[in-house]
Amino acid sequence: MRYVSTRGRAPELGFADVLLAGLAPDGGLYVPVDWPSLPEHLPSGSYQELATVVMAPFIGDDIPADVFARLVDEAYASFRHEAVTPLRQLAADDWLLDLSQGPTLAFKDVALQLVGRMFDYVLGVRNERVMIVGATSGDTGSAAIDGVRSCSNVDIVILYPHGRTSDIQRKQMTTVDSPNVHAVAVEGTFDDCQDLVKAMFNDAPFRDRMRLSAVNSINWARVMAQTVYYVYAAQQLGWRPTSFSVPTGNFGNVLAGWIARRMGAPIHSLVVGSNQNDILTRFFETRSMVADTVVPTLSPSMDIQVSSNFERLLFEMNDRDGGVTAEQLQRFRSMGRLDVETDQFERWIAPVFRAARFDDSETLRIIGEVRSATGEIIDPHTAVGIGAARRHRSPGIPMVTTLTAHAAKFPDAVEQATGSRPVLPPHLADLLERPERTQTLPNDLGAVQRFVESVAR
Ligand SMILES: *Cc1c(COP(=O)(O)O)cnc(C)c1O
């Protein structure tokens, strides 16, 4: 499979190059030159078997089929449930797709456990190494670290704001005892951490010498790996029209649902759940995307105003015209506003997408209600998804909410809503007592760069 950039000014690449590149050199995101169709007969065995078949056309010859099957098996062997992403029933036509069974208890593991292994394989074949650098305010850092902890060709440095992450989030990063993993507390805010990462990438000699790389949510391979569980859930429900509700931040998860639908999965509608940071919900209601300031909420992984993966859908809405897409995004960056035509909206958005927003008090109420009605203890992100699902249910069509994090990652909110504190699963039960391995550095580019140099193998 070949890939093109959504901004139309980057060379076409194959899968392995797209995997390692992340962002295209013209600032766009890579998408396949065309969307493959699912085969008529999908394997009905394990998640792993289905995953290899669904992803095969995207990978082409870049990873041999037997190697890819092994990487998939290894990636999902780290999940606690044999079904990998088990489906649980809440009520009639009301389902939860549990994406929290990976090692760090958030849905990002589904993609990053595989992406880390693909990175290591491709780098090994090329006899290359990379240094992944990233900034995190919580979930992404631990999932990225866990995805590469056993990789011999990858080092990783993750910057987090000192004293500003939860104990669980910090411990998930600092207790990983692998020689290639470095969690660094920066004396500053999350924005300072992000600025340091950007500055390292902008320092071209440093970037090239260190072979800097990133695994952020715009990486095509992450979106690709997420399409599988939509196909899996539709298959488990008998391959009939099925809707999904997705608590949304960067639009990566719900975009994967759109792609599964484009490939032929029987997906009726895709419901986007927002917290108070509701730029997407406002867009689906008004056809205008208008940036606002970010407010902190109980669902921090959705505290985002610019949903970067939306660019991939916008490219389709523009009939794959990269020039038009680039122009629109340029205008959005300078004016803070993006409008689409009525006919584009009617063709691409209205038939598929629905949206709803929930503030923190509604989120807490939903956590309490779900607990009383089903015994299921959900985290604040999933609660937003359930709220959105309830608002957009159609009679006779199963609605699947993606459960994106284990409740124990957000114990304070869950305790406030239910009166009891959720417990970590057995493999992390002693997490808070484990010894930490961390560095504290000043908010200073020189100091951080010297640290990165000193740990590169
Ligand atoms: C990252 C994340 C989200 C948002 O997913 P996107 O793909 O960015 O839309 C939702 N919930 C949790 C728990 C997350 O970690």
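Residues numbered from 1 in each chain as written. Predicted model: local features only at pLDDT ≥ 70, side-chain atom pairs only at ≥ 80, totals over all residues. Heavy atoms only, no water.

Taken from UniProt, the Sequence similarities (unreviewed entry) comment for the protein chain reads in full: "Belongs to the threonine synthase family." According to the UniProt record, the Cofactor (unreviewed entry) comment for the protein chain reads "pyridoxal 5'-phosphate". (UniProt positions renumbered as here; feature names shortened; annotations may be inferred.)

Now for the overall build of the protein chain. Broken down by element type, the protein chain carries 18 helices and 16 strands. At 21 Å, the protein chain has a C-alpha radius of gyration in line with the 23 Å of a compact globule built from 457 residues. Its C-alpha atoms put the protein chain at 60 × 50 × 50 Å along the principal axes. Counting only residues that meet the buried cut, the protein chain has 60% of its 457 residues in that class. At a minimum sequence separation of 6, the contacts of the protein chain that also span at least 24 residues come to 74%. For the protein chain, the distance from the average site of its 43 positive side-chain charges to the average site of its 55 negative ones is 1 Å. (Helix = DSSP H or I, 4+ residues; strand = E, 2+ residues; numbered from the N terminus. Rg over C-alpha atoms; globule rule 2.2 N^0.38 Å. Buried < 20%, exposed > 50% of the residue type's maximum accessible area, 1.4 Å probe, protein only. Contact = heavy atoms within 4.5 Å. Lys, Arg positive; Asp, Glu negative; His and termini not counted. Charge placed at Lys NZ, Arg CZ, Asp CG, Glu CD.)

Turning next to helix α13 (residues 322-335). When the terminal C-alpha atoms of α13 are compared, their 20 Å separation across 14 residues agrees well with the 20 Å that a helix rising 1.5 Å per residue should span. Inspection of α13 places G322, T325, A326, Q328, L329 and F332 among the buried residues, and these make up the whole buried set. What you see down the axis of α13 is that its buried residues fit within an arc of 165°, all on one side. Opposite its buried face, α13 presents the exposed residues E327, S334 and M335, each directed more than 90 degrees away. Against the buried residues of α13 lie α11 (279-286), β12 (288-290), α12 (310-317) and β13 (337-339). (Expected span 1.5 Å × (residues − 1). Arc of directions from axis to C-beta.)

Where two aromatic rings form a pair, the distance of their centres and the angle of their planes describe that pair. For the coordinates displayed, the defined rule picks out 17 aromatic pairs. Residues Y230 and F244 carry aromatic rings whose centres are separated by 4.8 Å and whose planes lie at 65° to one another, so their mutual orientation is edge-to-face. Highlighted residues: Y230 in helix α9 (residues 220-236) and F244 in strand β10 (residues 242-247), separated in sequence by 14 residues. The residues Y230 and F244 share a single accessibility class, namely buried. Members of the aromatic cluster, each reached through a chain of ring pairs, are Y3, F15, W35, F58, W220, W258 and W348. (Phe/Tyr/Trp six-rings, centres within 6.5 Å; stacked < 30°, edge-to-face > 60°.)

Close to the ligand lie 15 residues, the nearest being K108, G249, N250, N253 and T404. In the model, an oxygen atom of the ligand is placed 2.9 Å from a nitrogen or oxygen of the N253 main chain. Contact distances for the ligand include 3.5 Å between an oxygen atom and a side-chain N or O atom of S301. For the ligand, whose unbound accessible area comes to 380 Å², protein coverage reaches 96%. Considered class by class, the residues forming the shell around the ligand number five nonpolar, eight polar and two charged. (Near = heavy atom within 4 Å. Polar contact = N/O pair within 3.5 Å; in protein donor to acceptor, adjacent residues only side chain to side chain. Areas by Shrake-Rupley, 256 points an atom, 1.4 Å probe, with all protein chains shown as cover. Nonpolar A, V, L, I, M, F, W, Y, C, P; charged D, E, K, R; others polar.)

Of note, the phi angle at R287 is positive, near 70°, even though the residue is not glycine. Looking at the element boundaries, R287 is found in the loop between α11 and β12. By relative accessible area, which is 29% here, R287 ends up partly exposed. In this model, D319 sits at a positive phi of 50°, which is unusual for a non-glycine residue. When its relative accessible area of 52% is taken as the criterion, D319 is described as exposed.

Once that is clear, we can look at the UniProt feature "domain: Tryptophan synthase beta chain-like PALP" (unreviewed entry) in the protein chain. Sequence positions flagged by UniProt for "domain: Tryptophan synthase beta chain-like PALP" (unreviewed entry) are, in local numbering, residues 81-328. With 44% helix and 20% strand, the stretch residues 81-328 has end C-alpha atoms that lie 43 Å from each other.

A few words on the packing of helix α15 (residues 360-374) against helix α16 (residues 380-391). Contact pair α15 / α16: the axes reach a minimum separation of 9 Å and the direction vectors enclose 85°. Between α15 and α16, the angle is such that the two are roughly perpendicular. Only P380, A383, V384, I386, G387, R390 and R391 of α16 make contact with α15, whose side of the interface consists of E362, T363, I366, I367, E369 and V370. (Axes fitted to C-alpha atoms, helices over the stretch in contact; angles between N-to-C directions. Parallel < 35°, antiparallel > 145°, perpendicular 65-115°, else oblique.)

Inspection of the secondary structure assignment puts K108 in helix α4 (residues 108-126). Residue classification places K108 among the buried positions, given a relative accessible area of 12%. Here K108 is in contact with T140, A143, R222 and S301, once residues within four sequence places are set aside.

So, about the pattern of salt bridges. Pairs can form between side chains of opposite charge once their charged atoms are near each other. This model, assessed by the stated rule, comprises 28 salt bridges. A salt bridge links D146 to R149; its shortest N-O distance comes to 3.0 Å. With a relative accessible area of 32%, R149 lands in the partly exposed category. The closest approach of N and O atoms between R421 and E415, which form a salt bridge, is 2.7 Å. (Salt bridge = Lys/Arg side-chain N within 4 Å of Asp/Glu carboxyl O.)

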